[in-house]
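# Chain and residue survey
So the chains spell out like this:
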Amino acid sequence: MSISSASETVFNPALLRSRRPEARAVPVPEHVAGGAASPALSAYTFSTEEVPVADRFDAWRRSFAPMVDLTRDAKGDFRGSQVLWDLGGIGFSRIRTQALRFSSRPAHLQCHPLDHWVMTLLLSGQCTTTTARTTFQARPGIVQIHALGRPFHGTLSDSEMLMLWVPRDFCRDLARTLDAAEFTTLDTAMGRMFTSFMIGLAHQLACMRVDELPRLMSATRDMILACVPPPRDRAEERGDAISGGLQERARQFVQMNLFNPRLSAKLLMRELAVSRTRLYRLFEPVGGVNRYIQHRRLLDAHSALANPNEQRRILEIAEQRCFDSADFSRAFKREFGYSPSEVRKGMRIGSPRYAETDLSSLPPEDRLGALLWRLQTGAKPDVAPCSMT
């Protein structure tokens, strides 16, 4: 990659094309560090070339279904390929795709809504995204940020890209920063530093060992904090930064107390040291405090029901999350559109039943969804990228 001026990046996607992994989980020779063997990372690939022509776009759409809904105008053959790395607390992928349209999946229609940020670097092609507040375009060499928990839609030309998935619980310090930068492009000098970081990451993953993941995650966190504009730079656009901090504290507290029967608006008021009016204003966009608490408990119950290693009865899972049997079944069906027993029996397509399964054992088109759900539920290696203080 060369720089023609201080304000414009000239992007050369050939920098990455010379190092494509083969279309399989790549076994890399083990490295020896400190006298102990440490395996290198595996790359998990999926290509529509491996699927019958008539089924290719449907398979591609299924791969991305947990994240976005994909459609296209063209008929017939479709070509797309994906190389995926599970980096412990984050996910990384290199993707080639033909032109298509994308849209976020409404939370009430999803069996397991995701709450990640996606940092995308186009290597070639063009992308236009529209939200309720803005429309922005991305060009090769500039990182764009999408929030999966928000509504959006857009178009993508024939493209090649790198994608970094950052779960909300990756690091509390990042939450306010990425919330403030959602649906923007990092079209600054510091933003182009992150472009270089993503390119370097794509080059080096084939050489990295598993024991290097904690340092990689720490470096990724530091690079995001350094290269993404801090919340105060967007205070007027994003509203009260103090409210954003309170929302994140409230979200963390709710998540840590899902099994606590005393979890309520009153307990949150005391934890956050805010008035009832202030608390209700914070949660008004998501339907109120009680609605948010119930939503998070139902999502957690869905994850447990979809886990093939979870053998407890549905009633026990419900009671642990402070529901009685009748209320749980009704609330669950209102939330997801199907019953808890359907999830337990594996009858729901796209349900996160693969969260704790080895990615190499899954159908290639299911691996991305399994990884994204794993990042959200915390079913990942015991790696701590930063303190949660």
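Now for a description of the structure that goes with this document. Keep in mind that what you see is a predicted model, and the values were worked out from it rather than measured.

It is worth spelling out the pattern of salt bridges at this point. Under the criterion given, the structure shown has 19 salt bridges. Between Glu-182 and Arg-150 there is a salt bridge, with its nearest N and O atoms 3.4 Å apart. Taken together, the residues Glu-182 in the loop between α3 (172–181) and β16 (184–185) and Arg-150 in the loop between β13 (143–147) and β14 (153–156) connect sequence positions 32 residues apart. On the accessibility criterion, Arg-150 (31% relative accessible area) is partly exposed. Taken together, the shared-partner salt bridges in this structure form one network comprising Glu-49, Arg-56, Asp-77 and Arg-79.

Attention now moves to the sheet that holds β14. With antiparallel pairing, the five strands of this open sheet are ordered in space as β6-β9-β14-β11-β12. Because the sheet does not close on itself, it has two edges, and the strands there are β6 (68–71) and β12 (135–138). Averaged over all adjacent pairs, the angle separating strand axes in this sheet is 20 degrees, with direction ignored. Note that strand β11 (residues 127–130) and β14 share four bridges and pair antiparallel. Residue pairing across strands places Thr-129 opposite Gly-154, the latter belonging to β14. Of the strands in this sheet, β6 and β9 (100–104) are in contact with helix α2 (residues 56–64), which crosses β6 at around 165 degrees.

Before going further, it helps to examine the packing of aromatic side chains. Centre-to-centre distance and the angle between the planes together describe a pair of aromatic rings. A full pass over the atoms with the stated rule returns 12 aromatic pairs. With 5.1 Å between their ring centres and 75 degrees between their planes, Phe-57 and Phe-78 make a pair best called edge-to-face. Highlighted residues: Phe-57 in helix α2 and Phe-78 in the loop between β6 and β7 (80–86), separated in sequence by 21 residues. Of the residues examined, Phe-57 reaches a relative accessible area of 12% and is grouped as buried. Here Phe-78 falls in the buried class, since its relative accessible area comes to 0%. Judged by centre distance (5.5 Å) and plane angle (55 degrees), the rings of Phe-152 and Phe-183 are tilted. Here the residue Phe-152 occupies a position in the loop between β13 and β14, and Phe-183 occupies one in the loop between α3 and β16, the gap between them amounting to 31 residues. Judged by relative accessible area, Phe-152 falls into the buried class, the value being 5%.

About the thresholds
- Residues numbered from 1 in each chain as written.
- Predicted model: local features only at pLDDT ≥ 70, side-chain atom pairs only at ≥ 80, totals over all residues.
- Heavy atoms only, no water.
- Salt bridge = Lys/Arg side-chain N within 4 Å of Asp/Glu carboxyl O.
- Helix = DSSP H or I, 4+ residues; strand = E, 2+ residues; numbered from the N terminus.
- Buried < 20%, exposed > 50% of the residue type's maximum accessible area, 1.4 Å probe, protein only.
- Pairing = 2+ DSSP bridges.
- Axes fitted to C-alpha atoms, helices over the stretch in contact; angles between N-to-C directions.
- Contact = heavy atoms within 4.5 Å.
- Phe/Tyr/Trp six-rings, centres within 6.5 Å; stacked < 30°, edge-to-face > 60°.

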